[in-house]
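# Structural description and commentary
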Amino acid sequence: MIEPNIQRWLDRTEPGDWNEGTRAYGRYHRIMRALAAEYDFRLDRVIAAFVSLSPNTDYYSNLRSLVSVLAGIRDGREFDAIQVSTYRHNLHRAMAYALGDKDFLVETKGMKIRSFYHNVLDPNDPAHVTIDGHMVAIWRGQNLTMKEAIYKGPKEYYEIVVALKRAALVIGISPCQLQGVLWFARKRILNIKHESQLNLWATDEPSMLEPYA
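Right, let's walk through the structure included here. (Residues numbered from 1 in each chain as written. Predicted model: local features only at pLDDT ≥ 70, side-chain atom pairs only at ≥ 80, totals over all residues. Heavy atoms only, no water.)

## Concerning the nonpolar core
What counts here: What is meant by a nonpolar core is a set of buried Ala, Val, Leu, Ile, Met, Phe, Trp, Tyr and Cys residues, joined one to another through side-chain atoms within 4.5 Å. Type-normalised accessible area, obtained with a 1.4 Å probe on protein chains alone, sets the label of each residue: buried when under 20%, exposed when over 50%, and partly exposed for intermediate values. For helices the rule is a DSSP run of H or I covering at least 4 residues; for strands it is a run of E covering at least 2, with both sets numbered from the N terminus onward.
M32, L35, L66, V69 and L70 are the most contacted members of the largest nonpolar core, which has 38 residues in total. Among the elements of the structure, α2 (15-39), α3 (43-52), α4 (59-74), α5 (88-99), α7 (111-121) and α10 (175-189) are those that each provide at least two residues to this core. If you tally residues by element for this core, the top one is α2, at 8 residues.

## Structural notes on the environment of N19
Relative to the assigned elements, N19 resides in helix α2. A C-alpha to C-alpha distance of 24 Å links N19 and G141, two positions 122 residues apart in sequence.

## Considerations on α4
Worth spelling out the cut-off: In a helix, the anticipated span is given by 1.5 Å times the number of residues less one. Here a polar contact is recorded for every N or O atom pair within 3.5 Å, except that within protein the pair must consist of a potential hydrogen donor and a potential acceptor, and residues adjacent in sequence are included only if both atoms are side-chain atoms.
Compared with the 22 Å implied by 1.5 Å per residue over 16 residues, the 23 Å span of α4 between its first and last C-alpha is a close match. Of the residues flanking the start of α4, the one acting as N-cap is D58, its side-chain oxygen 3.2 Å from the backbone nitrogen of Y60. Where α4 ends, the next residue or the one after it, G76, has phi of about 70°, a positive value.

## Quick word on the environment of A36
Put simply, the rule reads: In what follows, residue pairs with any heavy atoms lying within 4.5 Å of each other are defined as contacts.
Position of A36 among the secondary structure elements: in helix α2. Sequence spacing of A36 and K187 is 151 residues, and the spatial spacing of their C-alpha atoms is 29 Å. In this view, A36 contacts F41, R42, L43 and V46; residues no more than four positions away in its chain are not counted.

## Describing the side chain of S61
With respect to the element layout, S61 can be found in helix α4. Once residues within four sequence positions are removed from consideration, S61 is found in contact with S85 and Y212.

## Regarding the packing of α2 against α7
Where we set the bar: As a rule, the C-alpha atoms of each element are fitted with a line to give its axis, helices using only the stretch in contact, and angles between N-to-C directions run from 0 to 180 degrees. Geometric relationships in this document are graded by angle, where less than 35 degrees denotes roughly parallel, more than 145 denotes roughly antiparallel, 65 to 115 denotes roughly perpendicular, and other angles denote oblique. Ten residue types, Ala, Val, Leu, Ile, Met, Phe, Trp, Tyr, Cys and Pro, are classed as nonpolar, four, Asp, Glu, Lys and Arg, as charged, and the remainder, Gly among them, as polar.
α7 packs onto α2 with a crossing angle of 75° between their chain directions and a minimal axis gap of 7 Å. In terms of their interaxial angle, α2 and α7 are classed as roughly perpendicular. Note on element contacts: α7 touches α2 through F116, N119, V120 and L121, opposite Y25, Y28, H29 and M32. The residue makeup of the contact of α2 with α7, split by class, is 6 nonpolar, 2 polar and no charged.

And the structure:
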């Protein structure tokens with residue numbers, strides 16, 4: 001069974017949404033593996049830093065911020081010399097996780113960011129699905145901004161998780177793939193930081209990503 005509000009958005013999807021959405025978390029994982037190897041960090045710590053830098057930033061800026069952290073640590077730069085595109089307290093967290101000074105899963109309680117971590121770490125694990133503002137807006141059937149689309153506590157979060165898992169089972173893809181498809185579709189339809197050419201060289205060739213100066 002697919003919930004009506006989810007089905008309405010599925011009916012608006014295009015082939016590009018499916019192509020990008022079903023590949024998204026696999027691509028994130030491959031990029032994290034490449035950066036972990038290039039900068040000599042453990043994969044789980046790189047992913048923890050990546051998701052900790054994600055609030056208030058777009059995907060490409062998130063990647064550049066991560067590279068800034070990894071390169072900064074490798075090169076022995078002081079905290080104030082490392083530039084990122086998000087809040088400075090997120091930089092504190094990202095550095096602590098990358099260095100192994102703190103354990104991401106012990107320190108982090110937010111359901112969305114924990115799910116994001118698990119989806120990037122293992123895109124094939126059906127137990128987790130990231131519920132961001134786009135999924136909240138789709139679930140409620142409302143045209144909400146990201147500031148408005150905040151889930152109303154654990155109950156609503158898990159209601160959306162269950163709905164997406166059921167829909168994914170009907171369709172025959174993983175829950176995080178379905179979330180990716182809907183995410184791309186909503187951003188495209190509402191023109192929210194949408195890029196018609198998604199396979200940019202920087203995301204497919206992580207070694208070419210430059211830190212923030």
